[in-house]
Amino acid sequence: MTMRPIRIIGDPVLRTPSEPVTSFDAELRALVQDLMDTLLGAPGRAGVAAPQIGVNAQVFVYDADGHRGHLVNPTLELSDERQDDDEGCLSIPGLYFPTQRAMHATARGFDQHGQPLTISGSGFLARALQHETDHLHGRLYVDTLRGDTRRRALREIRAGRFDSPSRGR
């Protein structure tokens, strides 16, 4: 089992759009396994994207609403219906803010062997698919926040009011 450290906000890899995967080989399968080990290695995790462990590749794993898996080179189709709920991120530990997302999402991409894969979900699964896909485009959930909520989130991040491992929390 290889549980990899999670990169924390401020690390440039989190703001860099990931490269599409072009080789569905043993290296990709090892990355998927490391991502899954990192996801399942601590309780309460819903997903981990490759940039969160320092890898510039369009790959993520998820474990949400009884669905567990991975997706390579995802694209999303989103419903117009919206949901509003608190959202957090392993890369901004300990901070949660109300975040609007599509209620339903369909993600299309590939599995680790290059076979086409489609995942559809509502509620929390849809939120997780959107959150992890955002990571692959260099976006964090706080980028979607608006108004007073965004200002509060940015203030708390600038002040270091999150549970950063480097702060000894």
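Residues numbered from 1 in each chain as written. Predicted model: local features only at pLDDT ≥ 70, side-chain atom pairs only at ≥ 80, totals over all residues. Heavy atoms only, no water.

Q: Teacher, can you tell me more about the sheet that holds strand β7 (residues 116-122) here?
A: Strand order in the open sheet formed by five strands is β1-β2-β3-β6-β7, and the pairing between neighbours is antiparallel. Edge positions in the sheet fall to β1 (47-49) and β7, since each has one partner strand and no second. Put simply, the sheet's adjacent strands are angled 40° from each other on average, direction ignored. Here helix α1 (residues 26-40) sits on the sheet in contact with β1, β2 (59-64) and β3 (67-78), set at roughly 35° to β2. Strands in contact with helix α2 (residues 123-136) are β1, β2, β3, β6 (104-110) and β7; relative to β2, the strand with the most contacts, it is inclined by about 160°. (Pairing = 2+ DSSP bridges. Helix = DSSP H or I, 4+ residues; strand = E, 2+ residues; numbered from the N terminus. Axes fitted to C-alpha atoms, helices over the stretch in contact; angles between N-to-C directions. Contact = heavy atoms within 4.5 Å.)

Q: How do you make sense of the pairing of β3 when you look at a structure like this?
A: Looking along a regular strand, one sees side chains alternate from face to face of the sheet. Pairing of β2 with β3, which is carried by six bridges, proceeds in the antiparallel orientation. In the strand pairing of β3, Tyr62 is matched with Gly69. Between β2 and β3, which pair antiparallel in sequence order, lie two residues; one of them, Asp65, sits at a positive phi of approximately 50°. Bridge count between β3 and β6: five bridges; the pairing is antiparallel. Pairing of Val72 across the sheet is with Phe110, part of β6.

Q: Which parts of the structure should I look at to understand the UniProt feature "active site" (unreviewed entry) in the chain?
A: Feature annotation in UniProt places "active site" (unreviewed entry) on Glu132, given in this structure's numbering. Mapping Glu132 onto the fold places it in helix α2. (UniProt positions renumbered as here; feature names shortened; annotations may be inferred.)

Q: Help me understand the nonpolar core, please; the structure alone is not making it clear to me.
A: Core analysis: the largest hydrophobic core is formed by 15 residues, its most contacted members being Leu28, Leu31, Leu35, Val48 and Val59. Among the elements that take part in this core, α1 stands out by supplying six residues, more than any other. Counting residues in hydrophobic clusters, the runner-up holds 13 residues, among them Phe60, Ala105, Leu125 and Ala126. (Core = buried A, V, L, I, M, F, W, Y, C linked by side-chain atoms within 4.5 Å. Buried < 20%, exposed > 50% of the residue type's maximum accessible area, 1.4 Å probe, protein only.)

Q: Teacher, can you tell me more about α1 here?
A: It helps to recall that an α-helix has 3.6 residues per turn; residues three or four apart then point in one direction. A rise of 1.5 Å per residue sets the reference length of α1, with its 15 residues, at 21 Å; its end C-alpha atoms lie 21 Å apart and thus fit the reference within 8%. Elements that come into contact with the buried residues of α1 comprise β1, β2 and β3. Structurally, the start of α1 carries an N-cap: the backbone nitrogen of Glu27 is 3.2 Å from a side-chain oxygen of Asp25. (Expected span 1.5 Å × (residues − 1). Polar contact = N/O pair within 3.5 Å; in protein donor to acceptor, adjacent residues only side chain to side chain.)

Q: Honestly, the pattern of salt bridges in this entry has me stumped. Any pointers?
A: Close approach of charged atoms allows side chains of opposite charge to pair. Considering all chains together, one arrives at 11 salt bridges under this definition. The partner of Asp143 in a salt bridge is Arg15, and the shortest N-O contact between them spans 2.5 Å. With a gap of 128 residues between them, Asp143 in the loop between α2 and α3 (147-158) and Arg15 in the segment before α1 connect regions that are remote in the sequence. For Arg127, the salt bridge identified is with Glu87, shortest N-O distance 2.5 Å. Note that Arg127 is positioned in helix α2 and Glu87 in strand β4 (residues 82-89), a separation of 40 residues in sequence. Classification of Glu87 by relative accessible area gives buried; the value is 4%. (Salt bridge = Lys/Arg side-chain N within 4 Å of Asp/Glu carboxyl O.)

Q: Please clarify how the layout of surface pockets should be interpreted in this entry.
A: Empty space among the atoms becomes apparent when a probe as large as a water molecule is rolled across them. In this structure, the largest pocket encloses a volume near 430 Å³. For the lining of the largest pocket, a count of residues per class yields nine nonpolar, six polar and six charged. Computed from the structure, the second largest pocket encloses a volume of approximately 200 Å³. The wall of the second largest pocket is formed by Arg4, Glu19, Pro20, Val21, Ser23, Asp25, Glu27, Leu28, Leu31, Val55, Asn56 and Ala57. When the residues that make up the lining of the second largest pocket are grouped by side-chain class, the tally is six nonpolar, two polar and four charged. (1 Å grid on protein atoms, 1.4 Å probe; cavity = no way out; pocket = protein on both sides within 12 Å on 5 of 7 lines; lining within 4 Å. Points joined across faces, edges and corners; volume = space filled by probe spheres on them. Nonpolar A, V, L, I, M, F, W, Y, C, P; charged D, E, K, R; others polar.)

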